[in-house]
Amino acid sequence: MGVEHEQLLFHTEVRWLSRGRVLQRLYKLRSEVKMFLVDVKSDLARYLDDPLWLAQLAYLVDIFDRLNLLNTMQGRDASILILSDKLSNATIKLLLPFTSVYLCEAGFPKLTALKTKYRNRLQVEDDIRLALSNTEPQIPLLCEKKQAQVSH
């Protein structure tokens, strides 16, 4: 049929990476598998026409791909310290775009409120950090600690 793979993999309990590979191969060969199932008159072919089922299959492929990535990062002589560093770096690379996009979306209206024609400083990092913070300043406590006039 001119496809990259010539056969489907079957899952075995011995190889823990095989689950993700089986799902990935099934997703890649879904049209060829559908043609085969139609030829053998199997009722399973209807699943390969269902967009919801295909979306769930694609989701599982992605989940198992991430799990296989975490499993292959371990290696033979890995300690908990090395694995936690590898996990902290992979997680940061994976989640950092989502947090930065959220902060941009949340910060833009606050930035436009800060930048008026009467207040048009170019350095707004401290002001935007204060505007985006969830911590409420304790004004009475700050006023108590501040001395109004320095004694000589």
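Residues numbered from 1 in each chain as written. Predicted model: local features only at pLDDT ≥ 70, side-chain atom pairs only at ≥ 80, totals over all residues. Heavy atoms only, no water.

Asks: What am I meant to see in the overall build of the chain here?
Replies: Secondary structure summary: the chain contains six helices and zero strands in total. When the helices and strands of the chain are placed in sequence order, the string is α-α-α-α-α-α. Per-residue burial over the chain gives 15% buried out of 152 residues. Of the contacts made within the chain by residues no fewer than 6 positions apart, 39% connect residues no fewer than 24 positions apart. For the chain, the accessible area works out to roughly 13,300 Å², and carbon and sulfur atoms hold 60% of it. (Helix = DSSP H or I, 4+ residues; strand = E, 2+ residues; numbered from the N terminus. Buried < 20%, exposed > 50% of the residue type's maximum accessible area, 1.4 Å probe, protein only. Contact = heavy atoms within 4.5 Å. Areas by Shrake-Rupley, 256 points an atom, 1.4 Å probe, with all protein chains shown as cover.)

Asks: How should the packing of aromatic side chains be read in this particular structure?
Replies: Aromatic rings in a pair are described by how distant their centres are and how their planes are angled relative to each other. This structure, assessed with the given rule, holds one aromatic pair. Taking 5.8 Å as the distance between ring centres and 45° as the angle between the ring planes, the aromatic pair formed by Tyr47 and Trp53 counts as tilted. Trp53 gets classed as partly exposed once you look at its relative accessible area, which sits at 27%. Residue placement shows Arg30 over the ring face of Tyr27; its charged tip is 4.1 Å from the ring centre. Above the face of the Tyr47 ring, Arg46 is positioned so that its terminal group lies 4.4 Å from the ring centre. (Phe/Tyr/Trp six-rings, centres within 6.5 Å; stacked < 30°, edge-to-face > 60°. Lys NZ or Arg CZ within 6 Å of the ring centre and 35° of its normal.)

Asks: What should I look at first to understand the pattern of salt bridges in this one?
Replies: A pair can form between side chains of opposite charge whenever their charged atoms are brought close. Overall, the coordinates contain one salt bridge when judged by the stated rule. Between Asp49 and Lys34 there is a salt bridge whose closest N-O contact spans 2.6 Å. Here Lys34 lies in helix α2 (residues 30-39) and Asp49 lies in the loop between α2 and α3 (51-74), a separation of 15 residues in the sequence. (Salt bridge = Lys/Arg side-chain N within 4 Å of Asp/Glu carboxyl O.)

Asks: Please explain the confidence of the model for the chain as it appears in this structure.
Replies: Low pLDDT means the predicted coordinates in that region are not meant to be read closely. With 73% of its residues at a pLDDT of 70 or more, the chain has an overall mean of 76. Confidence, read as mean pLDDT per element, is least for helix α4 (residues 80-114) in the chain (71) and greatest for α2 (89). (pLDDT = per-residue confidence, 0-100.)

Asks: Explanation requested: the environment of Phe108 in the structure shown.
Replies: By secondary structure assignment, the location of Phe108 is in helix α4. Expressed as a C-alpha distance, the spacing of Phe108 and Ile128, which sit 20 residues apart in the sequence, is 9.4 Å.

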